[in-house]
Amino acid sequence: MKWLIPVFLIIILSCSKKETGIVTNDSTQYSERYRPQYHFSPDKNWTNDPNGLVYYEGEYHIFYQYNPYGNTWGHMSWGHAVSKDLLHWEQLPVAIAEYQNPSGDSTMIFSGTVVVDKNNSSGFCEGKDCLIAVYTSHVHKDGQGKLQHQSLAYSNDKGRTWKRYDKNPVLDIQRKDFRDPKIFWYETGNVWIAAMVVPDLFKVVFYKSTNLKEWTALGEFGGIGDTSKIWECPDLFELPVEGEPGKTKWILSLSGSHPAGGKFVGMQYFVGVFNGNTFIPDQSTQAPLYMDFGKDFYAGIIYNNIPKEDGRTIMIGWANNWAYGNQIPTSTWRSAMALPRELSLKKTAAGLRLIQQPLKTISSLRGDEMKGEISGNQLELEVEIDIAKSKGAGIKILKSESEETIIGYDATTQEVFIDRTHSGDVGFHKEFASIDRVKIDASTGKIKLQVFVDHSIVEVFVNNGEQTLCEQVFPLANDARVIPYSENNDGVISVRAWKINRTWK
Ligand code: FRU
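Residues numbered from 1 in each chain as written. Predicted model: local features only at pLDDT ≥ 70, side-chain atom pairs only at ≥ 80, totals over all residues. Heavy atoms only, no water.

Participant: Just to check I follow, could you spell out the state of the cysteines for this structure?
Facilitator: Covalently bonding the sulfur atom of one cysteine to the sulfur atom of another cysteine gives a disulfide. Taken as a whole and assessed by the stated rule, the structure comprises one disulfide. Through a disulfide, cysteine 125 is tied to cysteine 130; the S-S separation comes to 2.2 Å. Residues cysteine 125 and cysteine 130 share a disulfide whose torsion about the S-S bond is about -65°; that sign makes it left-handed. Residue cysteine 125 is classed as buried on the basis of its relative accessible area of 9%. Of all cysteine sulfurs in the structure, the one in cysteine 233 sits closest to cysteine 470, which takes part in no disulfide; the separation is 16 Å. (Disulfide = S-S within 2.5 Å. Buried < 20%, exposed > 50% of the residue type's maximum accessible area, 1.4 Å probe, protein only.)

This is the structure we're talking about:
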């Protein structure tokens, strides 16, 4: 990974073990400047990727890459919270912590999955089933990565306590970079399947197992799509094709970033088939398909074990970016998750495309619809623009005398964009002040934008989730007006607005 591990690791590890006691949500703590009020963030400290998203016995678990000792990347462990509705979260103690090895090096707990072992295939379950975490064990010495292999931990008390398997690692190919296992039960083959990445070779490699402990290599996929940055955090899942009952397709999604920043890639996906051995994309030569066109959507994975009758496929991504993530001007926490997104697959003229929509139940957080002048930093907005007549139109949000974030449609390029160049504090990193764009289908003559503003996170869902943009902003001013604008004053824009209620107790 990317960041230096402080040399005083050993001292800290031995002094601070007790810091991981039960933490309750405390309203003063969740009211810091820039703290999202309806997006998930841990109570304090640094977080990155969501890990082990799993629904189990009425609870949605979120584990996440977490530094228990500070608000920059380091000491990676799995933080933990649970929710009954994916909106209100209860903070729990660290689930799986970094540990020291007798040889003097340490092992961090990198990204991975949690599965429900329904038939006790692992032999770890005390009751009828249990939770098994499959994570990357990242061995390092004084911050220098030595080896990445895959390991297990298990829980027999609904994720409250975890034991690491005493025969870890379970999969070791003696490689420095080999990580981020996604595990799922593959019904057709009656086996567990693992998809993980060899990041620097732009490869997703597949393995199978009957007991989660012994793994056999299957096929590989890679070398196509966007290979300009290392590959991380794969996911592989099946989605019904909208409008074609009984038909499904597989999606392979990935994240790509680079330690030195530079051109940002974010997440990409492929549509195709998983045949029990490897993933075969429908189109191997097409231009890459990206998931989100903002700067801040990364490492997204989907929930395991959502009941079939529920039918939703829900993804949570990290609302930050490795280029500047460690420098964003927040304290005592640093980084939050994007809103949970419901995924579906739609036939378009260009082929099958992912549709991403905010969790439907987010509307339960709406206050009364706002009338007259709109302002606020905790809002949902529905914006409609008649683009047939417009040279360019949109809204300015978080607007004060000197600051604004612009979400608009540019008729010359047929793009929706977010301009955060004057959004407030942009000086903490040279790559932060940006205008980010996505081409849209302008043929209908109208665009609909569903916009979520949550203090330092702005998420835009274009045309019912055909495109999305997730971005962070750090306004310095207190004024936060919402002002529609239209280049040629043709009044073709309508805005509805709701305050969104805070989800912390
Ligand atoms: C992605 C990532 C993963 C890794 C984790 C470490 O953001 O680099 O590949 O497991 O973060 O924190």
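Participant: Help me understand the site of the ligand, please; the structure alone is not making it clear to me.
Facilitator: Taken together, 15 residues form the shell around the ligand, and within it Asp49, Gln65, Arg179, Asp180 and Glu232 come nearest. Between aspartate 49 and the ligand, the recorded distance is 2.7 Å, taken from a side-chain N or O atom to an oxygen atom. Taking tryptophan 322, its side chain carries an N or O atom lying 2.8 Å from an oxygen atom of the ligand. Across the complex, the protein chains shield 100% of the 320 Å² of accessible surface that the ligand would expose by itself. Counting only elements with at least two residues in the shell around the ligand, the list comes to strand S1 (45-56), strand S6 (106-117), strand S10 (179-186) and strand S14 (230-240). (Near = heavy atom within 4 Å. Polar contact = N/O pair within 3.5 Å; in protein donor to acceptor, adjacent residues only side chain to side chain. Areas by Shrake-Rupley, 256 points an atom, 1.4 Å probe, with all protein chains shown as cover. Helix = DSSP H or I, 4+ residues; strand = E, 2+ residues; numbered from the N terminus.)

Participant: Just checking my understanding: could you explain the environment of serine 344 for this structure?
Facilitator: Within the fold, serine 344 resides in strand S22 (residues 341-348). Distance in space between the C-alpha atoms of serine 344 and glutamate 238 is 9.8 Å, their sequence separation being 106 residues. Beyond its immediate stretch of four places on either side in the chain, serine 344 contacts Leu239, Glu242, Arg353, Leu354 and Ile355. (Contact = heavy atoms within 4.5 Å.)

Participant: Explain the nonpolar core to me, please; I cannot follow it from the model alone.
Facilitator: If you look at soluble globular proteins, the nonpolar side chains tend to sit buried side by side. With 38 residues, the main nonpolar core has Phe40, Ile62, Leu86, Trp89 and Tyr303 as its most contacted residues. Examining the composition of this core, we find that four residues originate from one element, strand S2 (residues 59-67), more than from any other. Each of two domains, domain 1 (45-338) and domain 2 (366-500), supplies a minimum of three residues to this core. Setting aside its immediate chain neighbours within four residues, leucine 86 contacts Tyr60, Tyr303, Ile314, Ile316, Pro340 and Leu359. Residues Val451, Val458, Leu469 and Val473 belong to the second largest nonpolar core, which totals 30 residues. (Core = buried A, V, L, I, M, F, W, Y, C linked by side-chain atoms within 4.5 Å. Domains from an automatic or database assignment.)

Participant: Honestly, the domain arrangement of the protein chain in this entry has me stumped. Any pointers?
Facilitator: Many analyses report the size of an interface as the accessible area lost when the parts associate. Per the domain assignment, the segments making up the protein chain are domain 1 (45-338) and domain 2 (366-500). One C-alpha centre belongs to domain 1, the other to domain 2, and the line joining them spans 31 Å. Approximately 1600 Å² of surface area, both sides summed, lies buried where domain 1 meets domain 2, with 54% of it carried by carbon and sulfur atoms. Per-residue buried area on domain 1 facing domain 2 is highest for Phe293, Lys295 and Tyr324; these three make up 34% of the total on that side. A salt bridge links arginine 420 to aspartate 296; the shortest N-O distance between them is 3.0 Å. Inspection of the domain 1/domain 2 interface yields 14 residue pairs in polar contact (both at pLDDT 80 or more). Looking at the side of domain 1 that touches domain 2 residue by residue, the classes come out as 13 nonpolar, six polar and three charged. (Buried area = accessible area lost by both parts, 1.4 Å probe. Salt bridge = Lys/Arg side-chain N within 4 Å of Asp/Glu carboxyl O. Nonpolar A, V, L, I, M, F, W, Y, C, P; charged D, E, K, R; others polar.)

Participant: Is there a simple way to explain the sheet that holds strand S24 (residues 366-369) in this structure?
Facilitator: Within a sheet, each strand pairs with its neighbour through backbone hydrogen bonds, oriented either parallel or antiparallel. Taken together, the six strands give an open sheet; going across it, the order is S24-S35-S26-S31-S32-S33, and neighbouring strands pair in antiparallel fashion. In this open sheet, the two strands that pair with only one neighbour each are S24 and strand S33 (467-472). Across this sheet, the average inter-strand angle for adjacent strands is 20°, counted without regard to direction. Here six bridges tie strand S31 (residues 446-454) to strand S32 (residues 457-462), and the two strands are oriented antiparallel to one another. Bridge assignment links leucine 449 to a residue of S32, and that residue is valine 462. (Pairing = 2+ DSSP bridges. Axes fitted to C-alpha atoms, helices over the stretch in contact; angles between N-to-C directions.)

Participant: Whenever I open this one, the pattern of salt bridges confuses me. Can you help?
Facilitator: When charged atoms on two side chains of opposite charge get close, those side chains can pair. Enumeration according to the criterion identifies 33 salt bridges in this entry. Of the charged contacts, one joins lysine 182 and aspartate 235 as a salt bridge, the two residues approaching to 2.8 Å between their closest N and O atoms. Of this pair, lysine 182 sits in strand S10 while aspartate 235 sits in strand S14, and the two are 53 residues apart along the sequence. Here aspartate 235 falls in the buried class, since its relative accessible area comes to 0%. Between lysine 360 and glutamate 342 there is a salt bridge; the shortest N-O distance is 2.9 Å. Here glutamate 342 lies in strand S22 and lysine 360 lies in the loop between strand S23 (351-358) and S24, a separation of 18 residues in the sequence. Residues joined by salt bridges that share partners form a network here, namely Asp177, Arg179, Asp180 and Glu232.

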